[in-house]
Amino acid sequence: MATNENHNNIPPGFQIIHQFRRFLVDHPEYNNIPAALPSTPTPAARTGASAEDENRDNSAAPVRDRYESARAQTQALVAPPSYQSALGPATLAPSNPRHVNQERLGVSNLNTSAVNRDRVNHALATLPRSSTSSLAVRNRRTRGPARGGPVLASRPQRRAIPDVSHCLEANADTPTARIIVLVYPPLSQHAGPREFLVYNILHLDFLEILEENHLLYRYILPLNTRVNDVLRMAHGDMVVSGARFGFEETIRSSAAAAVAVTTVQPLGLADRGRTSAHFTGPRLRIIPQPLETTLHELSLDRNHFADPGSFRDGSWIIRLAVMGTELSYISSDGRRHGHDCLGQHIYSLFPCDGNSMRSDDDVNTSGGEEVDSEEEERTVARLLWLPRRVLRDPASTASAAPAPATVSAPPALTRPPRSRRVLGDLPVPRARTRSLSPEPDFSLPRRIWGDENTYQPHSRGDFSPNRFTHDLRQWAVQGAGSVPPLSIRGANIDEMVDAFVAVIDRLGRTGDYTQLLNPERSFVMTTDEAVGEGVEREVVHAALQRELADESTYFNHGEDNVLTLRILPSSIPASPARLVKFKRLGALCGLAHILGQSIPPISVALFQYIVNHCDLRALSRNFTYEWFPALTRQVLDFLATSETDDLSAFQTHLITYHGAEAAAFRYRDRATHDSLGVHMLYLPTVANDTFEKPEPTSFRTGYLLACRNGVNLPWAIRNFEGGSDTFFSVMETSRISSADSLLAVLDIVNAPNSAELLDSLRGITGDITLTFHMLIERYLRGIGTPCPAMFAAAKGAFHSIIDLDRIDSPAFRSQMLAWAATGSPFVDPAGGRISLGPINTHGEGYGVPGSTAAERDVLAREGTFHIQTCHRSIRFPVEYALRLAEARYVPEGEPRDFQEAFDYWFLTQSLIAIGRHSMM
């Protein structure tokens with residue numbers, strides 16, 4: 001009992017130990033226990049054993065031998081010979097004994113650093129364990145594959161550093177780069193920074209100011225061009241720019257030394273572009289270059305001229321400084337006027353590179369230090385300065401057209417400077433970063449024709465009807481750098497139209513139409529020896545008519561059967577080919593307006609809308625009533641209703657343009673009612689959708705005809721005398737609607753022996769009152785087809801561009817005569833007249849220059865007209881007219897009488913000349 005009592009007094013945690021000791025006392029044969037248990041015990045099958053015995057048998061036996069790695073033995077790595085001196089042994093293997101048995105790996109002396117040991121240990125710890133290791137044999141839970149160790153986050157892909165390769169032209173034979181040259185005026189002593197700066201934050205603003213003042217030029221040059229040649233080009237373009245900058249004559253020791261340009265010099269980064277503590281911006285300093293330095297060599301100097309900030313928007317920016325203390329201007333009388341105020345004006349706006357430029361309201365410049373009179377001061381200011389910037393509220397930008405940001409053309413500049421072509425015909429650069437017609441807001445107004453949203457047109461009156469075409473071409477190339485001349489050649493009108501359209505599409509891809517408006521241009525029809533402005537007018541008109549023939553692609557029919565833009569639904573993407581055609585059509589419409597040609601099928605409201613920044617308020621009540629009187633009355637009647645009134649009176653209009661009956665708009669509020677009035681004006685006159693869509697955007701881009709110096713057609717039209725309303729009214733005067741339209745500008749001249757010819761005509765016909773003037777006027781007022789059978793047989797000789805379905809129109813004969821005389825079926829809105837009269841066929845003035853007398857006789861017997869489209873002149877062989885008068889006619893035959901024979905002759909000669917120019 002004592003034993004039991006002692007057993008009961010043993011703490012519970014030690015009872016099993018006490019029982020084990022009693023067991024050894026009772027069974028002495030178990031006292032000799034081996035020092036170690038077998039390392040691979042074989043478990044026996046157990047049946048009916050107690051839970052306690054089972055738990056005891058499954059307990060893990062103590063591990064008393066060395067741990068053996070379960071990994072596959074790693075093969076020793078042979079170190080390269082260059083590492084032998086540092087490592088000692090010729091093999092390289094993991095060296096930490098905590099993880100690897102070095103003796104088993106055959107490495108006993110390894111001299112590696114702690115860094116290498118950690119790397120090896122980490123690599124071994126992440127390798128998967130072998131399934132044949134000793135752990136798989138033991139009666140214990142095996143480890144799974146080791147987890148991967150922590151790794152560093154992947155480094156983001158680095159952006160490509162901009163360099164000159166981002167500015168190269170595609171498909172160029174030699175590496176050719178797009179270059180923007182910025183000319184820094186001399187630093188001002190009164191305002192602005194004391195050193196030249198790079199403007200990164202205000203980059204676009206600085207470019208605009210320089211370009212406005214004719215100090216920015218764009219080139220496309222091969223990289224093997226010498227830097228000195230670039231300096232010479234910039235110097236020359238400054239001289240011929242609208243500001244007509246002048247430079248002091250340089251004195252050099254020899255002609256060889258004079259080759260180097262010293263008036264402007266390159267500006268490079270100072271201190272590798274590091275900014276100062278005051279953050280005025282990276283500084284620049286003048287770094288002259290050797291005479292033989294090329295642009296390629298300059299592009300390799302990343303510390304001064306080719307840093308990443310010098311490559312923007314696909315162009316390489318090269319900065320130049322004007323040497324000296326001031327710029328000067330050459331006035332019309334040849335005197336030089338200093339302009340230190342130019343630098344003062346520019347640098348006062350940009351004292352540093354910050355988040356905003358300064359206002360120029362307080363900038364006071366005199367316009368020159370040697371100006372002797374108030375008139376000369378105004379001339380200088382007009383040439384150098386712009387209208388001051390007006391900071392408008394964004395909500396009010398649509399109500400007034402922005403002041404054009406360019407300088408006026410110098411009065412003394414009457415002929416364009418010749419384009420510089422030092423390196424041959426250069427490709428056309430891309431369009432400038434800023435346009436005088438900023439991107440408009442395409443949204444429609446909430447209401448129209450209200451007192452609170454009237455449209456106030458702005459016109460400076462820089463363009464007059466008499467010189468619109470000439471002046472616009474001058475402005476298009478001022479300060480534009482080297483512009484290649486436009487040359488169109490072809491054997492006939494079709495080949496010339498193909499070549500012309502190809503040029504338009506090419507320039508449309510770049511967005512720069514400067515070459516298209518270049519005053520230096522030539523249109524040559526090689527087979528007929530035709531050349532001049534008349535051929536140009538005919539090519540433009542023929543190209544436009546070719547596009548208008550594809551009416552279903554471009555247009556819907558609007559009010560009074562005018563054509564409005566057809567825009568596909570938003571769910572249907574417009575193909576690239578469709579957008580190219582819309583841009584081409586817009587460019588051709590713009591060229592037609594430049595040449596003074598109206599485009600009768602297309603709604604004039606469409607052009608009015610585009611010209612005035614896509615602001616529907618430009619379609620004012622007066623403008624709309626002039627062009628669409630019936631629609632104006634209908635819209636006014638609608639605006640007189642309220643949102644609760646019945647719209648049955650507008651049922652036809654709503655079904656035609658809105659695709660819904662009046663009942664569909666029964667439930668509407670005031671906003672819906674006002675918006676419906678806006679669409680009643682917009683849909684029948686402009687387009688079936690807003691201009692945010694790709695098709696109208698492409699059409700508008702083409703119509704802009706934007707030039708690299710910012711000049712574009714809508715800007716010129718807005719500054720037409722009287723504004724855009726007057727411009728389109730003047731364009732309408734070019735339209736020939738009847739014989740009276742042509743007779744008003746037709747000069748019927750007499751031959752030197754007119755009295756003798758007139759007597760012969762009257763003697764033959766027996767009509768003592770008959771004159772050639774009467775014969776011509778009767779022809780023009782006639783309607784229909786003279787000699788139908790003969791005319792049908794002669795149709796094959798006429799160009800397909802002529803729409804013979806309109807032959808019964810009262811204006812058809814007049815239009816065809818004007819077309820033959822001028823190259824287009826329009827009269828000149830600037831007042832140019834058309835000359836028509838007889839000619840002596842025996843003189844050298846008749847026929848093709850250099851033709852023989854026999855050749856002239858053949859032409860005379862056939863009654864061939866002598867046409868000079870450049871001079872707007874037609875001369876007819878009077879002898880042929882007298883032979884027609886002498887002929888005998890049968891009322892049942894063709895022609896029936898002399899007048900019909902005369903009409904048939906005039907009509908067929910006019911139609912044959914269109915598109916062919918048999919004589920020029």
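Heads up: the structure comes first, above all this text.
Because the structure is a prediction, the values reported are computed rather than measured. (Residues numbered from 1 in each chain as written. Predicted model: local features only at pLDDT ≥ 70, side-chain atom pairs only at ≥ 80, totals over all residues. Heavy atoms only, no water.)

### Some words on the pattern of salt bridges
Piece 1. Applying the stated criterion across every chain yields a total of 28 salt bridges.
Piece 2. A salt bridge links Asp505 to Arg584; the shortest N-O distance between them is 2.9 Å. Of this pair, Asp505 sits in helix H13 (residues 493-510) while Arg584 sits in helix H16 (residues 576-594); the two residues are 79 residues apart in sequence, bridging distant segments of the chain.
Piece 3. Classification of Arg584 as buried rests on a relative accessible area of 14%.
Piece 4. Through salt bridges with shared partners, a single ionic network connects Asp505, Glu547, Asp550, Lys581 and Arg584. (Salt bridge = Lys/Arg side-chain N within 4 Å of Asp/Glu carboxyl O. Helix = DSSP H or I, 4+ residues; strand = E, 2+ residues; numbered from the N terminus. Buried < 20%, exposed > 50% of the residue type's maximum accessible area, 1.4 Å probe, protein only.)

### Re the packing of aromatic side chains
Piece 1. By the definition in use, this model includes 36 aromatic pairs.
Piece 2. Ring centres of Tyr554 and Phe582 lie 5.2 Å apart, and the angle between their planes is 70°; on these two criteria the pair is classed as edge-to-face. Of this pair, Tyr554 sits in helix H15 (residues 551-554) while Phe582 sits in helix H16, placing them 28 residues apart in sequence. Of the two residues, Tyr554 and Phe582, both sit in the buried class.
Piece 3. With a centroid separation of 5.3 Å and an interplanar angle of 80°, the aromatic rings of Phe727 and Phe728 are classed as edge-to-face. (Phe/Tyr/Trp six-rings, centres within 6.5 Å; stacked < 30°, edge-to-face > 60°.)

### Let's talk about helix H24 (residues 723-732)
Piece 1. Taken together, the buried positions of H24 are occupied by Gly723, Ser724, Phe727, Phe728, Val730 and Met731. For H24, the angular spread of buried residues about the axis comes to 160°, placing them on one side.
Piece 2. Residues of H24 that are buried sit in contact with helix H12 (468-477), H16, helix H17 (604-611), helix H18 (621-627), helix H22 (694-704) and helix H23 (713-718). (Arc of directions from axis to C-beta. Contact = heavy atoms within 4.5 Å.)

### Observations concerning the pairing of strand S9 (residues 315-322)
Piece 1. Summarising burial for S9: 8 of the 8 residues are buried, a large majority.
Piece 2. Going residue by residue along S9, you find Ser315, Ile317, Arg319 and Ala321 tucked away on one face and Trp316, Ile318, Leu320 and Val322 tucked away on the opposite face as well.
Piece 3. Relative to S9, strand S6 (residues 264-269) runs antiparallel, the two sharing 4 bridges. Paired with Pro266 across the bridge in S9 is Leu320.
Piece 4. Note that strand S8 (residues 311-312) and S9 share 2 bridges and pair antiparallel. When the sheet's bridge partners are listed, Phe311 is paired in S9 with Trp316.
Piece 5. Connecting S8 to the antiparallel partner S9 that follows it, the hairpin turn spans 2 residues, and Asp313 within it adopts a positive phi of roughly 50°. (Pairing = 2+ DSSP bridges.)

### Examining the side chain of Asn719
Piece 1. With respect to the secondary-structure elements, Asn719 resides in the loop between H23 and H24.
Piece 2. Of note is the side chain of Asn719, whose polar atom sits 2.8 Å from the backbone oxygen of Trp715. (Polar contact = N/O pair within 3.5 Å; in protein donor to acceptor, adjacent residues only side chain to side chain.)

### Considerations on the environment of Pro569
Piece 1. Of note, Pro569 is situated in the loop between strand S16 (563-565) and H16.
Piece 2. As a C-alpha pair, Pro569 and Lys693 span 124 residues in sequence and 9.1 Å in three-dimensional space.

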